[in-house]
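Summary of structural features
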Amino acid sequence: MQNILEFPEVLRLIEDRSAAFRAAIASAPDLDVQVPTCPDWTLRELAQHLGDGRRRQAAIIAAGPGAEPPARTDPKGAPTAPRDREALDAWLAESTELMLDAMREAGPDRGCWTWWGRSQAPETSGAVARHQVQEIAVHTYDAQLTQGAAQPLPTDVAVEGVDEFLTTVSATTVPWPFKPATIDLHTTEGRSWRLTLNADGVRCDDLAADAEPGDMAMRGAASELVLYFYERVPLDGLETTGDTEPMEQLADWDPNA
């Protein structure tokens, strides 16, 4: 695989997308409207999720390696986001900073609990940081979409996001239960990857320039690919060639079921 972004740049992207999320929340006329892409949540509940989630990640990173995530220390459970707009903005900013402080203290190589032990991603603070960029970026898109002003993910976030999703979410050592296949993914920004699905699991590699075509290929802007991965846009919005069944199977498959 090609080198990923350096740790300080990943932390900068977390700050950038967190600021964009806060801006979307601050400009919303009504925080009690339903989020179309998260239909069980209102904008206020989405803000609650994002703020509490960053505080939880701060605790997980600070705890270091472990077979299970650390228990919550607050007997009341998740902290409640303030209803006042100005206080909510400050609470969200503090939530992000708590996580960033924990990441800076740990550095990129320190181990910590993650949910992706069977993927290609390491169980480290640096890998958690990469995933947090995408979680915050996609929820920023959700908040913007709720107001009818959705913006594509920034190019650096999106290209990083394709690689991060494929190596963290798609890749696994659980044997592929369907017909073996190869899926090639191309971004209009110039990066390409190959997923190999077989009895050894699902493996992601950079696609060699001289590789023979896979069983299926997907092409689109990196932002569109990430939004498809997170079920924000449909597959038919991307250019595809070959048999789409392996990608549809992969989207529906839960290797831990």
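Refer to the structure presented above.
Quick notes on the rules
- Residues numbered from 1 in each chain as written.
- Predicted model: local features only at pLDDT ≥ 70, side-chain atom pairs only at ≥ 80, totals over all residues.
- Heavy atoms only, no water.
- Helix = DSSP H or I, 4+ residues; strand = E, 2+ residues; numbered from the N terminus.
- Buried < 20%, exposed > 50% of the residue type's maximum accessible area, 1.4 Å probe, protein only.
- Contact = heavy atoms within 4.5 Å.
- Areas by Shrake-Rupley, 256 points an atom, 1.4 Å probe, with all protein chains shown as cover.
- Pairing = 2+ DSSP bridges.
- Polar contact = N/O pair within 3.5 Å; in protein donor to acceptor, adjacent residues only side chain to side chain.
- Phe/Tyr/Trp six-rings, centres within 6.5 Å; stacked < 30°, edge-to-face > 60°.
- Axes fitted to C-alpha atoms, helices over the stretch in contact; angles between N-to-C directions.

Before going further, it helps to examine the overall build of the protein chain. Scanning the protein chain from terminus to terminus reveals seven helices and seven strands. Listed by position from the N terminus, the elements making up the protein chain come as α-β-β-α-α-α-α-β-β-β-β-α-β-α. Reported as C-alpha extents along the three principal axes, the dimensions of the protein chain are approximately 55 × 40 × 35 Å. Out of the 257 residues in the protein chain, the part that is buried amounts to 49%. Considering only intrachain contacts with a sequence separation of at least 6, the fraction spanning at least 24 residues in the protein chain is 68%. Total accessible area on the protein chain is roughly 12400 Å²; 50% of this is exposed by carbon and sulfur atoms.

Most of strand E3 (residues 181-187) sits inside the fold, with seven of its seven residues counted as buried. A two-sided burial pattern is seen for E3, the buried positions comprising Ala181, Ile183, Leu185 and Thr187 on one face and Thr182, Asp184 and His186 on the other. Where E3 lies against strand E4 (residues 192-198), six bridges are found, and the strand directions are antiparallel. Paired with Ile183 across the strands is Leu195, a residue of E4. Judged from the five bridges that link them, E3 and strand E6 (residues 216-220) form a sheet pairing that is parallel. When the bridges of E6 are listed, Asp184 appears paired with Ala217.

Phi is positive for Glu231, close to 60°, though the residue is something other than glycine. Examined against the element boundaries, Glu231 turns out to sit in the loop between helix H6 (222-229) and strand E7 (239-242). Classification of Glu231 as exposed rests on a relative accessible area of 66%.

Here the focus is the side chain of Gln144. Its place among the elements puts Gln144 in helix H4 (residues 125-146). Its relative accessible area of 9% is what places Gln144 among the buried residues. There is a polar contact of 3.2 Å between the side chain of Gln144 and the backbone nitrogen of Gln151. Not counting residues within four places of it along the chain, the set of residues in contact with Gln144 comprises Ala24, Ala149, Ala150 and Gln151.

Turning our attention to the side chain of Ser192. In this fold, Ser192 is placed in strand E4. Overall, Ser192 belongs to the buried group, its relative accessible area being 19%. Side-chain polar atoms of Ser192 contact the side chain of His186, separated by 2.8 Å. Excluding its chain neighbours within four sequence positions, the residues that come into contact with Ser192 are Leu185, His186, Asp206 and Leu207.

All told, the structure shown has six aromatic pairs when counted by the stated rule. Here Trp176 and Trp253 contribute two aromatic rings whose centre-to-centre distance is 5.1 Å and whose plane-to-plane angle is 90°, an arrangement assigned as edge-to-face. Highlighted residues: Trp176 in the loop between helix H5 (155-170) and E3 and Trp253 in the segment after helix H7 (245-252), separated in sequence by 77 residues. Accessibility expressed as a relative area gives 5% for Trp176, which makes it buried. Joined through ring pairs, the aromatic side chains of Phe165, Tyr228, Phe229 and Tyr230 make up one cluster.

What follows covers the sheet that holds strand E5 (residues 201-206). With mixed pairing, five strands are arranged side by side in an open sheet as E5-E4-E3-E6-E7. Either end of the sheet is taken by a strand with one partner, and the two such strands are E5 and E7. Looking at each pair of strands side by side, their axes are set apart by 15° on average, direction ignored. Bridge analysis of E4 against E5 gives six bridges, and the strand direction is antiparallel. Looking at E5, one finds that Asn198 is bridged to Gly201. The strands touched by H7 within the sheet are E3, E4, E5 and E6, with E3 carrying the most contacts at an inclination of about 90°.

What follows is about the environment of Glu239. Looking at where Glu239 falls in the secondary structure, it is placed in strand E7. Expressed as a C-alpha distance, the spacing of Glu239 and Tyr141, which sit 98 residues apart in the sequence, is 22 Å. Setting aside residues up to four positions removed in sequence, Glu239 forms contacts with Ala217, Met218 and Arg219.

On to the environment of Pro246, then. If you trace the backbone, Pro246 turns up in helix H7. Put simply, Pro246 and Leu197 are 49 residues apart on the chain and 8.5 Å apart in space, counted from C-alpha to C-alpha. Each residue touching Pro246, except ones within four places of it in the same chain, is listed here: Trp176, Ala181 and Ile183.

Any functional reading would require information that these geometric values do not contain.
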